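# Observations on the model geometry
As a plain string of letters, each chain reads:
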Amino acid sequence: MTALAHVPTSSGQPAAPPAARRGRYRLLPYLLLLPGAAWLLIFFALPLLQLAAASLYDPSGSLSTGYALTWAVGNYPDALQAYWPQFVRSFAYSAIALVLALLMGYPLAYAIAQKAGRWKNLLLVCVVAPMFTSFLVRTLAWKTILSDNGALVGLLRDVHLLGPDGRLLATPIAVVLGLTYNFLPFLVLPLYASLERLDYRLLEAASDLYASPLRAFRKVTLPLSMPGLIAGTLLFFIPATGDYINAELLGTPNEYMIGNLIDSAFLVRLDYPQGAALSFLLMAAILAVVFVYLRKAGTEEVL
Amino acid sequence: MRSPLRPLTRRGLLTGTLGSAALLATAGALTGCGTKGAQQTEAGCKSDDLSATEKKLAFSNWPQYMDVDEKDESKRPTLDAFIAKSGIQVTYTEDVNDNNEFFGKVQNQLAGCQTTGRDIMVLTDWMAARMIRLGWIQKLDKAKMPNVEANLLPSLRNRSFDPDSELAIPWQSGLAGLAYNAKVAKEIRTVDELLTRPDLKGKVTALSEMRDTMGLLLQSNGHDPANFTAAQFDDALNKLKKAVESKQIRKFTGNDYAPDLAKGDIAACIGWSGDVIQLGFEDEKIKFVVPDSGVMLWSDNMLVPNKATHRANAEELMNYYYDPAVAAKLAAYVNYICPVKGAQAEMEKIDPDLAANPLIFPDEAMLSKSKVFMALDEKQEKEYEAKFQQVIGA
């Protein structure tokens, strides 16, 4: 994105090409955009409109009688009132998972980018490798790792971090661990891209000017890695908040997140207006959080 | 770097809000007056039966629900024999993985009176009941299926969603009851034990399938799942709620309880007989229990949807699978309850052990304890399902 910003535009060029050629080229970007735009229109914008309409259907409708569009705005407060705990829970879990992922991911990305030397590519492959198996399979594997009779729980019981009947599976801990693990690569990769471009001489300069390593990190490394950090946290946080696989497989109904409710509203309870309203509430909540976050952490490069 | 985001702030927010409002308005304008009803009638959605000229049949079933040759997995002995005998070319597809998911797959076609491209689809009782209620299922000609008429188990006749057995013909049946792993838990006899015994706390699961879990709870309260009142349902639900709140119940599951039960992460659960028998073959410590208060009997049913053009061929296949000798071969492979009378005698010739297994051929005592969940109308279904989902947390 930075690179694009520095590409000189035609207006900035001193010698403008002849008018006829420029006219032809002016349309070109739009033509190139056409397939992508059409794709988005048909498979994203139109379904979104349909979903928006569904969220305003009369909630007393049913499958057999059909739904009338009565602009039932009340669907929104109703859905929120019934399921606000799951909303809060979704954001709490993904926020905790994000903090854990940052604590692991930042040093990891830094080490790969700056210290790995010839192992760099191998380590990158290691970060991406889990993505070669399906999301579902990876989460199911965590069930084995965290199993009540597994080695990990046995060890934690032996050192008395867990009671004799304690468990990890089917607790909030398991869900947060699952979220952290599953979305970690989305955080690490953009961070790595930012940190990889970090000029080590800037750190040398900082230390020449008597900055402590901590201060050099705070004043040089961190600001320069900001674009990657912000992109990474967004790529982590947005899907993690809407996720329902981890809560479904590693948690119990007491850990269900908002995604589980949307799933059950559409597929099990067949309450389309409520499912649609929940979907839009989730989108709105995420947009609000992202908006506040970008204002605070602020960089225009992400937008 | 320019100061970030300054231009976006207020104007951006305003544009965003206006944009969303415009989006909603367009949505309303585009979709006009909502959706049409999905209700159809068989007469209004008639299709010609081309069976006489087209010897074809498209059959959608669940995975691992048809016998295959031990040596060659691509061969299906009973089905191949049917094809050879009748000359009907059967396209067999294992594309039913979940009732709700399958409903989502065919609902737009059936609601719009269009063909699904399937002549037989196999769905569980409650989903069959819903589709029958919506008028999506063709009535069958009983005269063409003498085997079904003669051999269908008595306890599977007269079901409330299909009193004359002419819409939904059971493919296989099963029980929902209790199961436990004797390596980690002492024997369990009743639903109340499952929901309250302290040594099982946090190691119990129940099925997210409302009819199975609630049916067992209704029975444990002495009520009849085939005929209950809203107050009785609430009683049973309160019992379940207490068990969830006391953390006795660890979670609600679909088929996925089976590996956890085998590992011992789950000590006891509400589960399905077919799964538990399979686990029992590998580990004899895993046992299925029929509680004294009663068990739930469910079936997966063969249905012919509207606009399917090979109904007579479908009837021929249903009739074929109700031949006791064929049914025994199928039951020997799938290990669910065989809905065909007389198949037990045929099974003696194939495998006497299986013939004596009450979870494949239940005896009178067991059948008398089994109930089929009552058919719900749309309003009840929505109301009960919503209440149940609230308790199980979804």
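Residue numbers here run from 1 along each chain, matching the order of that chain's written sequence. To label them, take the chains in the order written and letter them from A, then take the ligands in the order written and number them from 1. With the structure being a predicted model, the display of local features is reserved for residues of pLDDT at least 70 and the display and counting of side-chain atom pairs for 80 or more, all residues being used for whole-chain, interface and lining totals.

### Some words on the overall build of chain B
Here a helix means four or more residues in a row that DSSP labels H or I, a strand means two or more in a row labelled E, and each is numbered from the N terminus. Secondary structure assignment for chain B yields 16 helices and 10 strands. C-alpha atoms of chain B, sized along the principal axes, occupy 85 × 65 × 50 Å. When burial is assessed residue by residue, chain B has 43% of its 394 residues classed as buried. Note on burial: count the other C-beta atoms lying within 10 Å of the residue's C-beta; 20 or more is buried, 12 or fewer is exposed, in between is partly exposed, and C-beta positions come from the backbone.

### As for the domain arrangement of chain B
Residues and elements named next belong to chain B. For the domain bounds, the source is a domain assignment made automatically or taken from a database. In terms of domain boundaries, chain B breaks down into domain 1 (43–171 + 300–346) and domain 2 (174–297 + 378–392). Taken over C-alpha atoms, the centre of domain 1 sits 29 Å from the centre of domain 2. Listed per partner, the contact involves 6 residues of domain 1 and 9 residues of domain 2. As a working rule, the residues Ala, Val, Leu, Ile, Met, Phe, Trp, Tyr, Cys and Pro are called nonpolar, Asp, Glu, Lys and Arg charged, and the rest polar, with Gly in that last group. Of the residues contributing to the side of domain 1 that touches domain 2, the split by class is 3 nonpolar, 2 polar and 1 charged. Two residues form a contact once the distance between their C-beta atoms, set from the backbone, is within 7 Å.

### Remarks on the UniProt feature "transmembrane region" (unreviewed entry) in chain A
UniProt positions are given in the numbering used here, feature names are shortened, and annotations may be inferred rather than shown by experiment. In this numbering, the UniProt entry assigns the feature "transmembrane region" (unreviewed entry) to residues 30–53, 91–110, 122–141, 169–193, 220–240 and 276–294 of chain A. The annotated region residues 91–110 of chain A carries 100% helix and 0% strand content, and the separation between its end C-alpha atoms amounts to 27 Å.

### Description of the UniProt feature "domain: ABC transmembrane type-1" (unreviewed entry) in chain A
As annotated by UniProt and renumbered to match this structure, "domain: ABC transmembrane type-1" (unreviewed entry) occupies residues 87–293 of chain A. Helix makes up 77% of residues 87–293 of chain A and strand 0%, whereas the separation of the span's terminal C-alpha atoms amounts to 18 Å.

### Observations concerning the environment of Ser51 of chain B
Residues and elements named next belong to chain B. As for its position among the elements, Ser51 is in the loop between helix H1 (9–31) and strand S1 (56–60). For the pair formed by Ser51 and Ala331, sequence separation is 280 residues and the distance between their alpha carbons is 28 Å. Each residue touching Ser51, except ones within four places of it in the same chain, is listed here: His310, Arg311, Ala312 and Asn313.

### Here's the deal with the environment of Pro185 of chain A
The residue Pro185 of chain A is located in helix H7 (residues 172–196) in this model. Between the C-alpha atom of Pro185 of chain A and that of Leu80 of chain A, which follows or precedes it by 105 residues, the distance is 32 Å.

### Section: helix H16 (residues 378–392) of chain B
Multiplying 1.5 Å by the residue count of a helix minus one yields the expected span of that helix. With 15 residues, H16 of chain B ought to run about 21 Å at 1.5 Å a step, and its terminal C-alpha atoms sit 21 Å apart, in line with that. By the burial criterion, the buried members of H16 of chain B are Glu381, Phe388, Gln389, Val391 and Ile392 of chain B. Down the axis of H16 of chain B, the buried side of the element spans an arc of 155°, and every buried residue falls inside it. In this structure, the buried residues of H16 of chain B make contact with helix H11 (258–268) of chain A together with helix H7 (210–220), helix H8 (230–245) and strand S6 (249–253) of chain B. Comment: arc refers to directions from the helix axis out to C-beta atoms.

### Regarding the environment of Leu330 of chain B
Residue and element names in this part refer to chain B. With respect to the helices and strands, the residue Leu330 is situated in helix H12 (residues 324–334). Overall, Leu330 belongs to the buried group, with 22 C-beta atoms counted inside 10 Å. Between the alpha carbons of Leu330 and Pro225 there is a distance of 30 Å; along the sequence they are 105 residues apart. Sequence-distant contacts of Leu330, that is, excluding residues within four places in its chain, are made with Asp67, Thr78 and Tyr321.

### Section: helix H3 (residues 75–115) of chain A
At Tyr83 of chain A, H3 of chain A shows its maximal kink, close to 75°; a proline, Pro85 of chain A, follows between one and four residues later. The first or second residue beyond H3 of chain A is Gly117 of chain A, which carries a positive phi of 60°. Values of bend correspond, residue by residue, to the angle between axes fitted over the seven residues ending at that residue and the seven starting there.

### Re the confidence of the model for chain B
Residues and elements named next belong to chain B. Per-residue confidence from the predictor is given as pLDDT, running between 0 and 100. Mean pLDDT over chain B works out to 88, with 91% of the residues at or above the 70 mark. Here residues 1–7 scores under 50 on pLDDT; set against residues more than four positions off or in separate chains, the count is 8 contacts. Across the assembled chains, the prediction reports ipTM 0.74 with pTM 0.79.

### Some remarks on the confidence of the model for chain A
When pLDDT is low, close inspection of the predicted coordinates is not appropriate. Residue and element names in this part refer to chain A. Averaged over every residue, the pLDDT of chain A is 87; residues scoring 70 or more account for 90%. Averaged over each element, pLDDT in chain A is lowest for helix H1 (residues 2–6) (44) and highest for H7 (95). Per-residue pLDDT stays below 50 along residues 1–13; that stretch engages in 5 contacts with residues further than four places along the chain or on separate chains.

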